[in-house]
Amino acid sequence: SAPELMDIAKESKETLEMYGAEPGKASYANNCLLARRLIERGVRFVQLNHEAWDHHSEVKKGVLNQCKQTDKANAALIQDLKQRGLLDDTLVIWGGEFGRTPMVESNPDAGRSLGRDHHNKAFTMWVAGGGVKKGITLGTTDEFGFNVIEDRVHVHDLHATLMHLLGFDHEKLTFRFQGRDFRLTDVHGMVVKKMLA
């Protein structure tokens, strides 16, 4: 039943500690543990959100604070899925919609200092399980972290690759809009074979 599924207090003390989860409290760690419980019960798509990464001010303090809330739980989710034999059939994707400029953003009029602005040229996502090659890092930026200089993966390529891992041919998955066929990967997407196991 739904109430039983949501009751993480039934998990072992070791599992709760591994995630950093606390029954009865709202947290990203609790959500990761709930995600595992949903996945092991056959839920096909689970999405977790964690906001407050928009550090236009005090980026160092902000990122450290957010990582304290997410890193342990992310690692626990992957470890837990793996030890339960679920990781090979589960594609875990972590990312946001853009990166951050490599230079400091300061705007006293807007109350901003020691932050970073939005940046669409280079950013990081990670994926695990579900047919992804283990332990690789793909892509390199210039010395400033501004432009990609090696193994660029465009968002269309990422989408094509993720769809491939989910069993879809991105070139055939189209939708009609205003009399024209469109696809998520536009006409540019290519499966990134270096990412595949």
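Structure first, text after, so check above.
Residues numbered from 1 in each chain as written. Predicted model: local features only at pLDDT ≥ 70, side-chain atom pairs only at ≥ 80, totals over all residues. Heavy atoms only, no water.

(A) Here's a closer look at the side chain of Asn30. Structurally, Asn30 is set in helix H3 (residues 28–40). Under the relative-accessibility criterion, Asn30 is labelled buried at 6%. Within the structure, Asn30 has its side chain in polar contact with the backbone oxygen of Lys25 (distance 2.4 Å). Ignoring any residue separated from it by four or fewer positions in sequence, one finds Asn30 in contact with Ile8, Ala21, Glu22, Pro23, Gly24 and Lys25. (Helix = DSSP H or I, 4+ residues; strand = E, 2+ residues; numbered from the N terminus. Buried < 20%, exposed > 50% of the residue type's maximum accessible area, 1.4 Å probe, protein only. Polar contact = N/O pair within 3.5 Å; in protein donor to acceptor, adjacent residues only side chain to side chain. Contact = heavy atoms within 4.5 Å.)

(B) Expanded view of the pattern of salt bridges. Applying the stated criterion across every chain, the model contains 13 salt bridges. Here Arg100 makes a salt bridge to Asp54, at a shortest N to O gap of 2.3 Å. Note that Arg100 is positioned in strand E2 (residues 99–100) and Asp54 in the loop between H3 and helix H4 (59–83), a separation of 46 residues in sequence. Among the residues examined, Asp54 registers a relative accessible area of 46% and is labelled partly exposed. (Salt bridge = Lys/Arg side-chain N within 4 Å of Asp/Glu carboxyl O.)

(C) Spotlight on unusual backbone geometry. In this structure, Ala52 is a non-glycine residue whose phi angle is positive, near 80°. Inspection of the secondary structure puts Ala52 in the loop between H3 and H4. The phi torsion at Asp151 lies on the positive side, around 55°, for a residue other than glycine. Looking at the element boundaries, Asp151 is found in the loop between strand E8 (148–150) and helix H5 (155–165).

(D) Here's a closer look at the packing of aromatic side chains. The final tally for this structure, using the stated rule, is five aromatic pairs. Aromatic side chains Tyr28 and Trp94 sit 6.1 Å apart centroid to centroid with 75° between the ring planes, which places their arrangement in the edge-to-face category. A residue pair is termed long-range when its members are at least 10 positions apart, and Tyr28 in helix H3 and Trp94 in strand E1 (residues 91–94) qualify at 66 residues. Overall, Tyr28 belongs to the buried group, its relative accessible area being 9%. A relative accessible area of 22% places Trp94 in the partly exposed class. (Phe/Tyr/Trp six-rings, centres within 6.5 Å; stacked < 30°, edge-to-face > 60°.)

(E) Structural view of the environment of Gly135. Within the fold, Gly135 resides in the loop between strand E6 (126–129) and strand E7 (140–141). Take Gly135: its relative accessible area is 86%, and that puts it in the exposed class. With 32 residues separating them along the chain, Gly135 and Gly167 place their C-alpha atoms 22 Å apart.

(F) Structural context of the nonpolar core. By size, the foremost hydrophobic cluster in this structure holds 17 residues, and its most contacted members are Ile8, Tyr19, Ala21, Cys32, Leu33 and Leu81. When residues of this core are traced back to their parent elements, those giving at least two are helix H2 (13–19), H3 and H4. Considering every element that reaches this core, the biggest residue donor is H3, with six residues. Those residues in contact with Cys32, other than ones at most four positions away along the chain, are Tyr19, Leu48, Ala73, Asn74 and Leu77. Membership of the second largest hydrophobic core comes to eight residues, among which are Leu91, Leu162, Leu165 and Met195. (Core = buried A, V, L, I, M, F, W, Y, C linked by side-chain atoms within 4.5 Å.)

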